[in-house]
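Descriptive analysis of the structure
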Amino acid sequence: MGEIVSLEALAGAVRDGTKIAVPTDYSGVAMAATAAIIAAGPKNIHLVCVPASGMQADMLIGAGVVGTVETSAVTLGESGGAPRFMEAVRDGAVRIMDATCPAVHSGIIAAEKGVPFLPIRGIIGSDLLAARPDWKVIDNPFAPGDRIVVVPAIEPDVALFHAPVADRFGNVLIGRRRELASMAYAARRTFVTVERIVDHSLFTGEKDAAAVLPALYVDRIAVAERGAYPYALWDEYPVDGAEIARYAKMARTKEGFAAYMETFRPGKARAA
Amino acid sequence: MGEIVSLEALAGAVRDGTKIAVPTDYSGVAMAATAAIIAAGPKNIHLVCVPASGMQADMLIGAGVVGTVETSAVTLGESGGAPRFMEAVRDGAVRIMDATCPAVHSGIIAAEKGVPFLPIRGIIGSDLLAARPDWKVIDNPFAPGDRIVVVPAIEPDVALFHAPVADRFGNVLIGRRRELASMAYAARRTFVTVERIVDHSLFTGEKDAAAVLPALYVDRIAVAERGAYPYALWDEYPVDGAEIARYAKMARTKEGFAAYMETFRPGKARAA
Amino acid sequence: MNAPVLTREIMIHTIAVLLDGVRHVAVGASSPIPAAAAMLRRALNERQDRERVRISVLGSQEHNFFTNGGVELFDCAAQGRVDAFFLGGGQIDGQANINLVGSGEYPKSDVRWPGCFGSAFLYFVVPRVILFREEHSPRVFVDKVDFVSAPGTSEPGVYRPGGPHALLTGKALFSFDKTRRRFMLRSTHGGADAAEVRANTGFEYDLAPDVGPTPGPDAATLALLRGRVTDELAETYPHFAQELAAERKAA
Amino acid sequence: MNAPVLTREIMIHTIAVLLDGVRHVAVGASSPIPAAAAMLRRALNERQDRERVRISVLGSQEHNFFTNGGVELFDCAAQGRVDAFFLGGGQIDGQANINLVGSGEYPKSDVRWPGCFGSAFLYFVVPRVILFREEHSPRVFVDKVDFVSAPGTSEPGVYRPGGPHALLTGKALFSFDKTRRRFMLRSTHGGADAAEVRANTGFEYDLAPDVGPTPGPDAATLALLRGRVTDELAETYPHFAQELAAERKAA
């Protein structure tokens, strides 16, 4: 648990068909690991966005490693639509499992709690129900006639995210980004990239402990300085909106995307 | 939200029939508020122990303010059984809703998530199912024949606990005791006693924010120094096991209990 | 301060009026007009010594008091603690159904949009959902959406404390009648009149008896908007605040 | 160091053997013998350069790495991340049903105990549940419990990755056969032999072919137990560590 490895070793454990959960843009996106996964080139991965994604999903899809994308949205935010995602969905090059944010959270939390499903309000009357035959509508057992949606547990093979700090015991600082903890609880294995590893335990008091994901849930840790770039890492560095805009423009064509990816080495270059 | 009031004003809002949720012994037990509630003397309260209780439940029961106790256990730990609880259950003086810890958590979390129920593994084959007709067994909608228990949401009128610090904006430090947050999310109103109130915001960074229950969920705050005594308050003071043992001994009889309660004024005496 | 009232300022003020009485409003990270309106509502309430308004800006570090991760907004809304929220859509139809997924046949849409986000949930549980879309054109306001991300109304028996309260565009303000399942045009702005709105709307709707220009802010409210609210806005939406300032100068 | 091996030390060692292979064991706040056994297992694994053993002491601030509140133990166990746990009971019967609620008619029990705690869940999901009760008497080990807090076995089709692994008392060690739904006496200690165990047990059970004395620790293990493990124990269970030391002196 909490083994410290190279970025390549971490990324290499994402194999063909792996179901991999990633967090949303502001929550610690493992962009350096994303580049390393693309370099390793697994096929047909099932990407679960918790609950949405941006450049990370777009890149993985553009690089051809994704077979299925399960998400509430993929967008480059102020830079517009996610071009590789939009084209792949339009062309049927990836299977899309459209969702709505709280249903993704509920699926992850079902796995966290070891239950096969969770009920959730809303959704009834949405075309999502037809798009997601794996969701069902049942009678509330406590009020017959009250119809309610149930979504199955989402059990990722791997949860992957980026955080500021791990300690050498394998504990990871996640702050108030508790969806990262839920992803780790739900996943069979959890891979984390961090800005740095410290020698002292992150469990220094009850208050500090609140911000920690315990090593029990963490399998591999790799150092990747500025590993969320161009996304922000809270309390560390802001988003580089211009870089995302540059990506958005280049990725409009397959060729432009390829050219962008040629030089995309977040973390690595900076860690040298 | 987050209104700062006197201990008496806080306790006075617990009325006849109020459903009140309280945390377990090591999680911040509002003992000073308990004394104040007993002094106010509401009748027939429905006490939900999340998921178990000790001296707090025993005292409230002994003082005759409890109509129903919903709990996974009531015990004085190393000091033995909870005498007023045991006698009241034996005599039928209180209605007991026996539970198991994770089922209480699931009921609270169901309310937190605004769903009418949560599924939970285990329990099947336990006599708890007969004792709790409000729990049901259904077929897992995703695997017919797989029987699973569902428990209804627990929606307390009031969540009550003790914490080290609130800020003047109504935010409360709860550290890693996240069940306190769940109780507050689930409850219609949340009352918190604290050791002290500070002028600066507890939201000073992402790491510190992880330990905070936001004011949105907090209705009334009262200062009660050493307000968890004789229970521990993490990072503040340890449990006073001798005092609990003294209570355990005196509370064996109604008279002994009455004599103990005559002098039980935690927090108040110390705040003077 | 003496520039004429901009259309965007009318929209901000209109939303602030629609938010009258809310205590907690959530806005998306890239929704500066709703955010400005929420800030104006907060400032107005403070000036009038009324209830405090809390604003959650999703995805913001600064203006976000949630501490339980991404799920907290949805849980908070399900608890009834979010009074108002904003939804848009690539398509919105006359029954207030919204489409955030794509136009054409699903899933291989002609034009694919990002996805439903939280709409299929929040539209059901937030009491006052304000539909907001600046572009007012027949391609947005269609007779029937190609994909229902979230329905405008629900059958009896479906748990639905929330739903559409109003629709605001760059040209018009509509109210929504849940029983009749229809919008009603209340007023127009941005240089449009009722005829232009009719020409640019692909669905049927009712007309209020007194359709006129959407009222703008009074002088004191405008001063608040151009002063304190613009300053607050600049912290989170610096680009938008600059745009507004430039528009005022040019006007 | 030369005191004869105490019964409690045999029990601690026995549990440590039962814990062979676990990676995460949870123990109750007032369970010093199981905690000592878990600490011994951890120390043994370290000496043998084997897998690391994590110990969660429930309710402890110091020896508790959980950060998601009281629910985390149960979620963690449901995820399959708790390999071993300990349960006791006011009554335990021959089918490994346990009763933590009370004796006599429910709910107005003759003797009321604290309640089920997490037993009705953890007994189902923790693979290696060790039943532990020092008192070995017919009032504890009954033919049929008056209230099933948690059943020893489940019908086919009931989700049940976990269940009873062994029963350790102050007099005996039993294994449990889930298919036969019966205990089997493996060995005795604390001055008891098979006949005394028989006389003090209210339920039927099988006999292992070779019932003999429960093996105690070898010299190196005993040294580890009396040294490092007792020191570790003293941090969380100072009273129990003192008791053990006093017993050793008196022996």
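Structural notes, computed from the coordinates. (Residues numbered from 1 in each chain as written. Chains lettered and ligands numbered in written order. Predicted model: local features only at pLDDT ≥ 70, side-chain atom pairs only at ≥ 80, totals over all residues. Heavy atoms only, no water.)

What to know about the overall build of chain A
Put simply, the test is: Helix and strand labels come from DSSP, where a helix needs a run of H or I of at least four residues and a strand needs a run of E of at least two; each type is numbered from the N terminus. Only C-alpha atoms enter the radius of gyration, while the globule expectation follows 2.2 Å times N to the 0.38, with N the number of residues. Exposure categories follow from relative accessible area, calculated using a 1.4 Å probe and restricted to protein chains: below 20% of the type maximum is buried, above 50% is exposed, and the middle band is partly exposed. Charge convention: Lys and Arg are scored as positive, Asp and Glu as negative, and His as well as the terminal groups of each chain are ignored. Charged groups are reduced to one reference atom each: NZ for lysine, CZ for arginine, CG for aspartic acid, CD for glutamic acid.
Broken down by element type, chain A carries eleven helices and 13 strands. For 272 residues, the compact-globule formula gives about 19 Å, and the C-alpha radius of gyration of chain A, at 19 Å, lands near that figure. Dimensions of chain A, computed from the C-alpha atoms along their principal axes, are close to 60 × 50 × 30 Å. In chain A, which comprises 272 residues, the share counted as buried stands at 65%. Charge centroids of chain A, computed over 28 positive and 31 negative side chains, lie 2 Å from each other.

Here's the deal with the interface of chain B and chain D
Formally: By definition, residues are in contact when any of their heavy atoms lie within 4.5 Å. Defined in terms of a 1.4 Å probe, buried area is the accessible area two parts forfeit on being brought together, summed over both. The term salt bridge refers to a pairing of a side-chain nitrogen on Lys or Arg with a carboxyl oxygen on Asp or Glu at a separation within 4 Å.
Taken residue by residue, the interface counts 39 residues in chain B and 37 residues in chain D. Of the roughly 3000 Å² buried between chain B and chain D, counting both surfaces, carbon and sulfur atoms make up 61%. At the surface where chain B touches chain D, the tally comes to one salt bridge. Measuring nitrogen to oxygen at the nearest pair gives 2.7 Å for the salt bridge that ties Asp98(B) to Arg112(D).

Concerning helix 9 (residues 241–250) of chain B
Residues and elements named next belong to chain B. Heads up, the condition is: Note that the arc is defined by the directions from the helix axis to the C-beta atoms.
Among all positions of helix 9, only Glu243, Ile244, Tyr247 and Ala248 are buried. When helix 9 is viewed along its axis, its buried side chains cluster within an angular range of 145° and face the same direction. Helix 9 presents Ala242 and Lys249 as exposed residues on the side facing more than 90 degrees away from its buried surface.

With respect to empty space enclosed by the protein
A probe as big as a water molecule, rolled over the atoms, marks out the empty space that is left. To keep things clear, this is the line we draw: Detection works on a 1 Å grid of protein atoms alone, calling trapped sets that fit a 1.4 Å probe cavities and calling open sets with protein on both sides within 12 Å along at least five of seven lines pockets, with lining residues defined by an atom within 4 Å of a point. Grid points are joined across faces, edges and corners, and a volume is the space filled by probe spheres set on the points.
This structure, assessed with the given rule, holds five cavities of 30 Å³ or more. Reported here for the largest cavity is a volume of approximately 390 Å³. Lining the largest cavity are 30 residues; nearest its centre among them are Glu112(A), Ser182(A), Glu112(B), Asn68(C) and Asn68(D). Among the elements of the structure, helix 5 (101–112) and helix 7 (178–186) of chain A together with helix 5 (101–112) and helix 7 (178–186) of chain B are those that each provide at least two residues to the lining of the largest cavity.

Comments concerning the packing of aromatic side chains
To be explicit about the condition: Centre distance within 6.5 Å is the pairing criterion for rings of Phe, Tyr and Trp, where only the six-membered ring of Trp is used; planes under 30 degrees apart are then read as stacked, over 60 as edge-to-face, and the remainder as tilted. Put simply, a charge is over a ring when the Lys NZ or the Arg CZ is close to the ring centre, within 6 Å, and near the line of the ring normal, within 35 degrees.
As enumerated under the stated definition, the model contains 30 aromatic pairs over all chains in all. Between Phe141(D) and Phe203(D) the ring centres are 6.1 Å apart and the planes differ by 85°, which places this aromatic pair in the edge-to-face class. In this pair, Phe141(D) sits in strand 9 (residues 141–142) while Phe203(D) sits in the loop between helix 5 (194–199) and strand 13 (206–213), placing the two residues 62 residues apart along the sequence. As far as burial versus exposure is concerned, Phe141(D) and Phe203(D) are alike and both buried. Ring centres of Phe174(D) and Tyr205(D) lie 5.1 Å apart, and the angle between their planes is 80°; this geometry places the pair in the edge-to-face category. Linking Phe174(D) in strand 11 (residues 172–177) with Tyr205(D) in the loop between helix 5 and strand 13, this pair joins segments that are 31 residues apart in sequence. Of the residues examined, Tyr205(D) reaches a relative accessible area of 8% and is grouped as buried. The ring of Phe65(C) is capped by Arg54(C), whose NZ or CZ atom sits 6.0 Å from the centre of that ring. A cation sits over an aromatic face here: Arg160(C) above Phe124(C), 4.4 Å from the ring centre.

Some remarks on the sheet that holds strand 5 (residues 98–99) of chain C
Residue and element names in this part refer to chain C. Filter applied, for reference: Strand pairing is assigned whenever DSSP identifies at least 2 bridges connecting the two strands.
Within the open sheet, the three strands sit side by side as 5-4-9. Their pairing is mixed. At either margin of the open sheet sits one strand with a lone partner, and together these are strand 5 and strand 9 (141–142). Here two bridges tie strand 4 (residues 91–93) to strand 9, and the two strands are oriented parallel to one another. From the neighbouring strand, Asp93 faces strand 9, where its bridge partner is Val142.

A few points about unusual backbone geometry
In this model, Val50(A) is joined to Pro51(A) through a cis peptide bond whose omega is -5°. When you line up the elements, Pro51(A) lands in the loop between strand 3 (45–50) and helix 3 (55–62). That bond from Tyr106(C) to Pro107(C) is cis: its omega, 0°, falls within 30 degrees of zero. Here Pro107(C) shows up in the loop between strand 6 (102–103) and strand 7 (111–112).

Quick word on the relation of the copies chain B and chain A
Quick note on the threshold: We superpose the copies by least squares over the C-alpha atoms of residues that have a pLDDT of at least 70 in both of them.
In screw terms, the move from chain B to chain A is a rotation of 180° and a rise of 0.0 Å along the axis, fitting with an RMSD of 0.0 Å. Those values place the two copies in the arrangement expected of a two-fold rotation axis. Among all residues of chain B, the minimum C-alpha distance to the rotation axis is found for Ala210(B), at 2.8 Å. Mapped onto chain A, 100% of the interface residues of chain B are again interface residues, and the two copies thus contact each other with one and the same surface.

Description of the interface of chain B and chain A
For the record, the criterion: Any residue outside Ala, Val, Leu, Ile, Met, Phe, Trp, Tyr, Cys, Pro, Asp, Glu, Lys and Arg is labelled polar, Gly included; the first ten of those are nonpolar and the last four are charged.
On the side of chain A, 35 residues touch chain B, which itself brings 35 residues to the contact. Roughly 3000 Å² is buried in total at the junction of chain B and chain A, and carbon and sulfur atoms are behind 73% of that figure. Inspection of the chain B/chain A interface yields two salt bridges. Between Lys207(B) and Asp208(A) there is a salt bridge; the shortest N-O distance is 3.9 Å. Residue assignment for the side of chain B that touches chain A shows that the elements contributing at least two residues are helix 5, strand 6 (117–120), strand 7 (136–139), strand 8 (147–152) and helix 8 (206–209) of chain B. Of the residues contributing to the side of chain B that touches chain A, the split by class is 20 nonpolar, five polar and ten charged.

Some words on helix 5 of chain A
Residues and elements named next belong to chain A. Note the following rule: Each residue after the first adds 1.5 Å to the expected span of a helix.
Relative to the 16 Å expected for twelve residues at 1.5 Å per residue, helix 5 spans 17 Å between its end C-alpha atoms, a close match to the ideal helical length. Most of helix 5 sits out of view: twelve of its twelve residues are buried. The complete set of buried residues in helix 5 reads Cys101, Pro102, Ala103, Val104, His105, Ser106, Gly107, Ile108, Ile109, Ala110, Ala111 and Glu112. Directly after helix 5, the chain includes Gly114, whose backbone phi takes a positive value near 65°.

Re the side chain of Thr201(C)
Residues and elements named next belong to chain C. How we decide: As used in this structure description, the phrase polar contact means that two N or O atoms lie within 3.5 Å; if the pair is within protein, one of them must be able to donate a hydrogen and the other to accept it, and residues adjacent in sequence are counted only when both atoms belong to side chains.
Positionally, Thr201 belongs in the loop between helix 5 (194–199) and strand 13 (206–213). Within the structure, Thr201 has its side chain in polar contact with the side chain of His136 (distance 2.7 Å). Among all residues touching Thr201, those that are not within four sequence positions of it are His136, Phe141 and Phe174.

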